[in-house]
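Chain by chain, the residues run as shown.
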Amino acid sequence: MASMREIKRRKESIQNTSQITAAMKVVSTAKLQKAKGRVEASKPYFHYMHDAVTSILAKSDNVDHPYLQSNNSKKIAVIVVSSNRGLAGGYNNNVVKLLTQGDMEKEDVFVYAVGRKGRDSLKRNGYEIKADFSEVMNEPLFSDAVDIGRAVLEAYAKGEIGKIYIAYTVFKNTITQIPTLTQLLPVAVEVGEKKADDLVLMNYEPNAEEALDKIIPKYVNSMIYGALCEALASENGARMQAMDSASNNAEEMIADLSLKYNRARQASITQELTEIVAGASAIE
Amino acid sequence: MADNKLFHIQVVSPDRVFYEDDIEMLEVCTTEGEIGVLAGHIPLTSIVAPGVVRFIQSGETKEAALHDGFIEILPDKVVILAESCEWPDEIDIHRAREAKTRAERRLKGADGEINEARAELALRKALLRLQLGNKKVK
């Protein structure tokens, strides 16, 4: 059995760690509340943006536009949204796995990284990091999303890449976050459900091509912004959970070690007593 | 046609629902010029240019600065998806003035086409903010 001092030292160190994890949990809970508010506030915009774009595309069946068709480039741009800090359980790993275990060829992928953790582990895996926007993740603004959007759209317009995906974590609720890979460009329209108002003839000013030319980048930007907001909420949710279970584990270990410590103490007392009794009886 | 016919308008920006109400008339700047929208407008999708947007409701006019986005006019409602949109009292005149100077400086020393276009857009936004912001002071 380990010595009393050893057990005590171990117990103290675990206690210190659990204090840290408890504090981190509180911090990420507060951050989560903020991030959640942001997701809520931005939801109507994406809802309408998505509605508007799908309805525009549904009404303009035969519009020939580069944003709607894949060009010949085999290269794929993936915007990978992860976090700058670790200790968030499987959060970063799950996003990275979307790529490493997906069916895209490593050689064809250009990574636009948002978040240091995802960037580093993809780099280790041999992916090409085209651009890095990691500092954005601390406080994503709409203008940041516009910057990222501009970078990928320029590459797309030049024909360097043929498809744009975004890999991020959807914030379902505090305990469920789902890593997802979504195609941004060419715009994937869900065909099939044609509602009555889809049949209204839509007019465009100046004309359909030019309108799409302006609207699709806005759509891409807003999708990126939405992904950033959701990812931030997911990150803090994941960290909160990770820290919660770490605190629980620490508590369990402390209870276990306390028991061991008490047993060791009792054992040493018993031993001392036995020695005294033995010594006393030897004298008699 | 009956006057005071109302239609539903929603102005949505990434961080909030900016404005939502039933109004009589809407005036908005598009890339093709200013347009006025009454109830029963034909379906139209257009790109918003930086400008003043006016919501007219029972004789009262509300003004706001609308910087970027697009407008979708549907038979039953009008949706403006704005990338940024502000009420006059939210405008920081000081910042707008700085932005104006910055944009003008950049336009003078423009070194590339793309920069020029962006600086011009920034200048227009700054001017718009000043225009609306100064009105508030008077």
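Quick notes on the rules
Residues numbered from 1 in each chain as written. Chains lettered and ligands numbered in written order. Predicted model: local features only at pLDDT ≥ 70, side-chain atom pairs only at ≥ 80, totals over all residues. Helix = DSSP H or I, 4+ residues; strand = E, 2+ residues; numbered from the N terminus. Rg over C-alpha atoms; globule rule 2.2 N^0.38 Å. Buried ≥ 20, exposed ≤ 12 C-beta atoms within 10 Å, placed from the backbone. Contact = placed C-beta atoms within 7 Å. Domains from an automatic or database assignment. Core = buried A, V, L, I, M, F, W, Y, C linked by C-beta atoms within 7 Å. Pairing = 2+ DSSP bridges. Nonpolar A, V, L, I, M, F, W, Y, C, P; charged D, E, K, R; others polar.

K.L.:
Please explain the overall build of chain A as it appears in this structure.
P.N.:
Along the backbone of chain A there are 5 helices and 6 strands. Secondary structure elements of chain A occur, N-terminal to C-terminal, as α-β-α-β-α-β-α-β-β-β-α. Its C-alpha radius of gyration of 28 Å places chain A more than 25% over the 19 Å reference for a compact globule of 284 residues. Dimensions of chain A, computed from the C-alpha atoms along their principal axes, are close to 115 × 40 × 30 Å. Counting over 284 residues, chain A shows a buried share of 33%. Look at the contacts in chain A between residues 6 or more apart in sequence, and 77% of them connect residues 24 or more apart.

K.L.:
What exactly am I supposed to notice about the domain arrangement of chain A here?
P.N.:
Many structure descriptions define interface size as the accessible area lost when the parts assemble. When the domains of chain A are assigned, the result is domain 1 (4–23 + 242–283) and domain 2 (35–239). Domain 1 of chain A and domain 2 of chain A are separated by 52 Å when their C-alpha centres are compared.

K.L.:
Explanation requested: the nonpolar core in the structure shown.
P.N.:
Note that soluble globular proteins tend to have their nonpolar side chains buried in a common cluster. Residues and elements named next belong to chain A. Formed by 95 residues in total, the largest nonpolar core has its most connected members in Ile79, Val80, Val81 and Leu228. Tallying contributions element by element places helix α5 (residues 208–283) first for this core, with 19 residues. Once residues lying within four places of it in the same chain are set aside, the contact partners of Val80 are Val95, Leu99, Val111, Ala113, Val114, Gly118, Leu122 and Ala167.

K.L.:
How do you make sense of unusual backbone geometry when you look at a structure like this?
P.N.:
With a phi close to 55 degrees, A:Leu87 is a non-glycine residue in the positive phi region. The backbone of B:Ser58 sits at a positive phi, close to 40 degrees, despite the residue not being glycine. Looking at where B:Ser58 falls in the secondary structure, it is placed in the loop between β6 (51–57) and β7 (60–73). B:Ser58 sits in the exposed class, given 8 other C-beta atoms within 10 Å.

K.L.:
Would you explain the pairing of strand β4 (residues 33–38) of chain B in this entry?
P.N.:
Looking along a regular strand, one sees side chains alternate from face to face of the sheet. Residues and elements named next belong to chain B. When strand β3 (residues 25–30) meets β4, the two strands line up antiparallel, connected through 6 bridges. In the sheet register, Met25 faces β4, and the bridge partner there is Leu38. In textbook terms, the turn of a hairpin is the stretch between consecutive antiparallel strands, and for β3 and β4 this stretch comprises 2 residues.

K.L.:
Sorry, what's going on with the interface of chain B and chain A here?
P.N.:
Taken together, the 21 residues of chain B in the interface contact 22 residues of chain A. For the side of chain B that touches chain A, the secondary structure elements donating two or more residues are β1 (7–13), β2 (16–23), β5 (44–48), β7 and β8 (77–86) of chain B. It is β5(B) that provides the largest number of residues to the side of chain B that touches chain A, a total of 4 residues. Looking at the side of chain B that touches chain A residue by residue, the class counts come to 11 nonpolar, 5 polar and 5 charged. Note: strand β6 (residues 203–205) of chain A against β5(B), 3 bridges, orientation parallel.

K.L.:
Explain the environment of A:Val39 here, please?
P.N.:
All names here are of chain A. Mapped onto the fold, Val39 is located in helix α1 (residues 4–59). Note on Val39: 17 C-beta atoms within 10 Å, which makes it partly exposed. Separated by 120 residues in the primary sequence, Val39 and Gly159 place their C-alpha atoms 33 Å from one another.

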